[in-house]
Amino acid sequence: MTGAGKELKGMSTETFEDNEQNKPLFQDISADNESGITEIESLCVHCKENGVTRLLLTRIPFYKDVIISSFTCNHCGNSNSEIDAAGKVQEYGVNTTVAITTKQDLARQVVKTDTAGVRIPEIEFEIPPGTQKGMLTIVEGILERAAAGLGSDQPLRRINNPDIAEKIQATIDKLNEFKEGQSPFTLIIDDPSGNSFVQNFLAPSEDPAMTVQHYKRTLEQNKLLALVADDDCGGETEELVVENAQTKAENMEDEVMNFNTNCSNCNAPAETHMKVLSILVIST
């Protein structure tokens, strides 16, 4: 009996190792995906003690592979998190405009890189590129973070600059109003690296509430991304390339989409692969 137990245990270990080897490096993002988290001991820049950095390599549906990282220090409580695209800077920048009209729109998933800028034209509000780390959040999270950032220095402003504090408070109130879904607004995310993303609820179909435009970067944007030297004087004008239905169809033909489903025969978890094809029809 003991020998059989050891044999079964050995078989289970071998099977587990085989499964681990067969797993892709980047797995679909999921609340249950904890096996892919890597923990690294790293130095805290605040207290100089050792903290823990956690890395997760994952895949966001209809987007691409990303690296999510977080740092926590148990000594001083310092913590932060960010997200990076696990790939190169894209050939074109991307400008995404979304009409937020319902509470469901506030739950749209957003990948915002550190090179992306955010604008809400209705209140002339802007988060300039390079002022925030990359983040994986939702539309509501962007509004909440913006309101919290503006409100952090309000007590001091009310003493030193009451007029400015009043104007900023009006913006904070409006952001909170948008966050509660009380008023519609427009969210614009412009990323010269081309790596930011806003969830399309109707994917792979076109979303009428969203416009995605690709453009050639300016010289200043290429300098921001360190693609050219700072003393480069070459001129490159921004050229807008609107992503129309034909362009989307061409992009879809190069993509294989994966969906988690259940087997129709035994109901076991399975994976469905879908690819758009162009089939030539010959009539006689």
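Caption draft 1: A look at the overall build of the protein chain. Across its full length, the protein chain carries six helices and 16 strands. Scored against the burial criterion, the 284 residues of the protein chain give a buried share of 28%. Here the protein chain displays about 18100 Å² of accessible surface, and carbon together with sulfur accounts for 51% of that area.

Caption draft 2: Structural detail: the confidence of the model for the protein chain. The pLDDT averaged across the protein chain works out to 77; a share of 65% of its residues lies at or above 70. Below a pLDDT of 50 lies the segment residues 1-17, which in the model reaches zero contacts outside its immediate sequence neighbourhood of four places, other chains included. Below a pLDDT of 50 lies the segment residues 243-247, which in the model reaches seven contacts outside its immediate sequence neighbourhood of four places, other chains included.

Caption draft 3: Broad picture of helix H2 (residues 139-151). With 13 residues, H2 extends 19 Å from end C-alpha to end C-alpha; this agrees with the ideal 18 Å at 1.5 Å per step. Those residues of H2 that fall on the buried side of the exposure criterion are Val-139, Gly-141, Ile-142, Leu-143, Ala-146 and Ala-147.

Caption draft 4: Representation of the pairing of strand S7 (residues 109-112) in the model. Of the strand pairs in this sheet, S7 and strand S10 (residues 135-138) are connected by four bridges, and their pairing is antiparallel. Bridge pairing links Val-110 to Thr-137 in S10. Here S7 pairs with strand S12 (residues 197-198) via two bridges, running antiparallel. Counted as the bridge partner of Val-110 is Val-198 from S12.

Caption draft 5: Unusual backbone geometry, seen in detail. The linkage connecting Ala-203 with the following residue, Pro-204, adopts the cis geometry, with an omega of 10°. Following the sequence through the fold, Pro-204 ends up in the loop between S12 and strand S13 (210-215). Positioned with a positive phi, Lys-48 is a non-glycine residue whose angle comes to about 65°. In this fold, Lys-48 is placed in the loop between strand S2 (37-43) and strand S3 (50-59). Given a relative accessible area of 57%, Lys-48 falls into the exposed group. Phi angles above zero are rare outside glycine, and Glu-124 is one such case at about 55°. Here Glu-124 shows up in the loop between strand S8 (117-120) and strand S9 (125-127). Glu-124 gets classed as exposed once you look at its relative accessible area, which sits at 76%.

Caption draft 6: Spatial organisation of the nonpolar core. Within the largest apolar cluster, 25 residues are counted, with the highest numbers of intra-cluster contacts made by Ile-120, Phe-185, Leu-187 and Ile-189. Not counting the four nearest positions on each side in its chain, Phe-185 is found in contact with Val-98, Ala-99, Ile-100, Leu-106, Ile-120, Glu-122, Val-139, Leu-143 and Phe-178.

Caption draft 7: Summary view of the environment of Ile-67. Its location among the elements puts Ile-67 in strand S4 (residues 65-72). Look at Ile-67 and you get partly exposed, because its relative accessible area is 29%.

Caption draft 8: Fine view of the packing of aromatic side chains. Counting across every chain of the model gives one aromatic pair. Ring geometry for Phe-178 against Phe-185: centres 4.6 Å apart, planes inclined by 25°, an arrangement best described as stacked. Among the residues examined, Phe-185 registers a relative accessible area of 3% and is labelled buried.

Caption draft 9: Structural context of the state of the cysteines. By the definition in use, this model includes zero disulfides. Not engaged in a disulfide, the cysteine Cys-73 finds its nearest cysteine sulfur in Cys-47; these two sulfurs lie 3.6 Å apart. Residue Cys-73 is classed as buried on the basis of its relative accessible area of 2%. Summary of cysteine pairing: Cys-76 is not part of a disulfide, and the nearest cysteine sulfur, belonging to Cys-44, is at 3.6 Å. Given a relative accessible area of 39%, Cys-76 falls into the partly exposed group.

Caption draft 10: Just the pairing of strand S11 (residues 185-191), in detail. Among the seven residues of S11, five are classified as buried, and the element is accordingly described as predominantly covered. With three bridges connecting them, S8 and S11 associate as antiparallel partners. What sits directly across from Gly-117, in S11, is Asp-190.

The rules we used
Residues numbered from 1 in each chain as written. Predicted model: local features only at pLDDT ≥ 70, side-chain atom pairs only at ≥ 80, totals over all residues. Heavy atoms only, no water. Helix = DSSP H or I, 4+ residues; strand = E, 2+ residues; numbered from the N terminus. Buried < 20%, exposed > 50% of the residue type's maximum accessible area, 1.4 Å probe, protein only. Areas by Shrake-Rupley, 256 points an atom, 1.4 Å probe, with all protein chains shown as cover. pLDDT = per-residue confidence, 0-100. Contact = heavy atoms within 4.5 Å. Expected span 1.5 Å × (residues − 1). Pairing = 2+ DSSP bridges. Core = buried A, V, L, I, M, F, W, Y, C linked by side-chain atoms within 4.5 Å. Phe/Tyr/Trp six-rings, centres within 6.5 Å; stacked < 30°, edge-to-face > 60°. Disulfide = S-S within 2.5 Å.

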